[in-house]
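Below, each chain spelled out in residue letters.
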Amino acid sequence: MSSPQPSPPQQGTSGKAKFNVYTIEECPACGQKTKRAFQVGDYITKDGANCSKCGNATKITLIYAEPVVKAK
Amino acid sequence: MPALTNMSLQFGNNVSSLLNIVWLLSFFVFIVYGQRIQVYIVGNDISRALNKLKLMKDRSRKEAVDYFNGTGKASGDPTTRIDEFLEYVTIMPVDLDPQGIVGKIEHITETRDERVRSEVRKMLPSAEPIKVSVAENILEIASSLNMIHKIVRHYYLLGKKTNSYILLVQLQMIMPQVLMEADALINAVDTFKLGQPVGDGIGPIIASKYMLTAPKQVVAKDTVMTVSEYKGRTLYVLKAEGPMGYVGEPGVAIQRVIEEMNVPLNAIIMVDAALKLEGEKTGDVAEGIGAAIGGIGTDKFRIEEVSSKHKVPVYAILVKQSILEAITVMRKEITDASDRVHTLIGNLIEEKTKEGDKVLLAGIGNTLGVGQ
Ligand SMILES: [Zn+2]
């Protein structure tokens, strides 16, 4: 994941753990992957924003949750 | 002086005899009322758990009402209708003569699903299909929690009424598992509301990778299929139609491909999420033989029937996860299994079939948040 990762609002809880949900947009032409916060309406195979590297249209290839890492 | 010694001796004597009496009395109390005391303690324990269940049940009902109000601008107040839904019963067919019972069960569940969907559509006339499917899922969660609460309450009250220690202890023993499942259900509401993929959606995610560019056709209710070429084989890929929260009818679809479309399949590969055992790691991948599909069993029955009749081997690829992970937002550990699953699919196709063969790949599970 090469793009900067903004810290998304907390979305999704599961049991006691808190999760951040991310959407991965992938460029079919150059393979660049962009990780951003999940937005309502996102779904896998939906068209994403244009690729930041080559300008081609990207597609959402993955949506997943990662546990929130607590700052020490 | 002697008088004083005498007095303290006497006092000591009194205390020990008093203790003796207390000890004997408590012995007597425990023999006679022991079970009642335990009934009381166990009952308290269950009552606390029951309260938790009630909170979860009420929350899921509220979430359902809020979703309907927030989504559809439903005509009128949906609360009464939702409450009626929560009490909806499905009467299973008689199993005294089990011959042909799967068809009956299928008929009943289909009628129920159709009924629920048409009612939800009526309440949300202008909503998109994805919102209707989410509303269906949330209603289903709310009615499951309602049912769990009702059944636990029934046995709790029955146990108390009849002073049945055995009944209450049995209930107390299964309460932690019941609470765990209820907790998973209530957590699932958040994921469904946002339309995020759930852990169970790993099968559809895998399948969608093979479907992207090919034209889609509907092969069964809520189920789509593509036909493409893969390493010289014809690859039929099917999954429920996304990004709605559907599970589709893969059993009907596979049967239709083999018997109505007359495709002589050489192999069926099914990818599904599977419940892990305690101690197993989330995202572990297991391979196997047989129809990998859960649910009430009608789809499994159809796949087993048609595959054994036409001698088509059925291979299964399972991605392990807990019940909580299966119905809440997709974890990274589960998606991390994708590469391994794709490799396994490639290997299976290359090893078990030859060029020119026809292979069917089915991604089983709830396809919420996963298009094709
Ligand atoms: Zn690009």
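Residues numbered from 1 in each chain as written. Chains lettered and ligands numbered in written order. Predicted model: local features only at pLDDT ≥ 70, side-chain atom pairs only at ≥ 80, totals over all residues. Heavy atoms only, no water.

**Regarding the overall build of chain A**
For chain A, the helix and strand inventory stands at 0 helices and 5 strands. Moving toward the C terminus, one meets the helices and strands of chain A in the order β-β-β-β-β. Out of the 72 residues belonging to chain A, those deemed buried represent 40%. Sequence-distant contacts, at least 24 apart, represent 46% of the contacts inside chain A between residues at least 6 apart. (Helix = DSSP H or I, 4+ residues; strand = E, 2+ residues; numbered from the N terminus. Buried < 20%, exposed > 50% of the residue type's maximum accessible area, 1.4 Å probe, protein only. Contact = heavy atoms within 4.5 Å.)

**Overview of a nonpolar patch on the surface**
Residue and element names in this part refer to chain B. Residues W23, L24, F27, F28, V29, F30, I31, V32, Y33, I37, Y40 and I41 make up a contiguous nonpolar surface patch of about 1,300 Å² in total accessible area. With respect to the helices and strands, I41 occurs in helix α1 (residues 2-72). Its relative accessible area of 52% is what places I41 among the exposed residues. (Patch = residues over 30% accessible without salt bridge, like charges linked within 9 Å, V, L, I, M, F, W, Y side chains within 5 Å. Areas by Shrake-Rupley, 256 points an atom, 1.4 Å probe, with all protein chains shown as cover. Salt bridge = Lys/Arg side-chain N within 4 Å of Asp/Glu carboxyl O.)

**So, the sheet that holds strand β3 (residues 233-240) of chain B**
Residue and element names in this part refer to chain B. As summarised here, the arrangement of the 7 strands in space is β1-β2-β3-β7-β4-β6-β5, forming an open sheet in which the pairing is mixed. Only two strands of the sheet have a single partner each, and these edge strands are β1 (217-220) and β5 (285-289). In this sheet, neighbouring strand axes are inclined to one another by 30 degrees on average, regardless of whether the strands run parallel or antiparallel. Relative to strand β7 (residues 358-363), β3 is paired through 6 bridges, and the arrangement is parallel. Counted as the bridge partner of V237 is L361 from β7. Along the sheet face, helix α6 (residues 202-209) touches β3, β4 (267-275), β6 (314-321) and β7 and points at about 140 degrees away from the line of β3. (Pairing = 2+ DSSP bridges. Axes fitted to C-alpha atoms, helices over the stretch in contact; angles between N-to-C directions.)

**Section: the layout of surface pockets**
The space that makes up the second largest pocket amounts to roughly 300 Å³. Lining the second largest pocket are 16 residues, and of these K33 and L62 of chain A together with T335, S338 and D339 of chain B sit closest to its centre. Only β2 (17-26) and β5 (57-67) of chain A together with α6, α10 (332-335) and α11 (338-352) of chain B provide two or more residues apiece to the lining of the second largest pocket. Of the residues in the lining of the second largest pocket, the class split is 6 nonpolar, 4 polar and 6 charged. (1 Å grid on protein atoms, 1.4 Å probe; cavity = no way out; pocket = protein on both sides within 12 Å on 5 of 7 lines; lining within 4 Å. Points joined across faces, edges and corners; volume = space filled by probe spheres on them. Nonpolar A, V, L, I, M, F, W, Y, C, P; charged D, E, K, R; others polar.)

**Structural notes on the nonpolar core**
Membership of the largest hydrophobic core comes to 43 residues, with the highest contact counts inside it found for L53, F68, I82, V120, M175 and F192 of chain B. Discounting chain neighbours no more than four positions away, the residues touching F192 of chain B are V134, N137, I138, I141, V198, I327, N366 and L368 of chain B. (Core = buried A, V, L, I, M, F, W, Y, C linked by side-chain atoms within 4.5 Å.)

**Overview of the domain arrangement of chain B**
Residue and element names in this part refer to chain B. The domain boundaries assigned to chain B delineate domain 1 (33-194) and domain 2 (199-363). A separation of 29 Å is found between the C-alpha centroids of domain 1 and domain 2. Taken together, the contact between domain 1 and domain 2 spans 21 residues of the former and 17 residues of the latter. When the buried surface of domain 1 facing domain 2 is broken down by residue, V102, E106 and R117 rank first, second and third, together holding 30% of it. (Domains from an automatic or database assignment. Buried area = accessible area lost by both parts, 1.4 Å probe.)

**Focus: the environment of L324 of chain B**
Take L324 of chain B: it is sitting in helix α9 (residues 323-327). C-alpha of L324 of chain B to C-alpha of G295 of chain B: the two residues are 29 residues apart in sequence and 16 Å apart in space.

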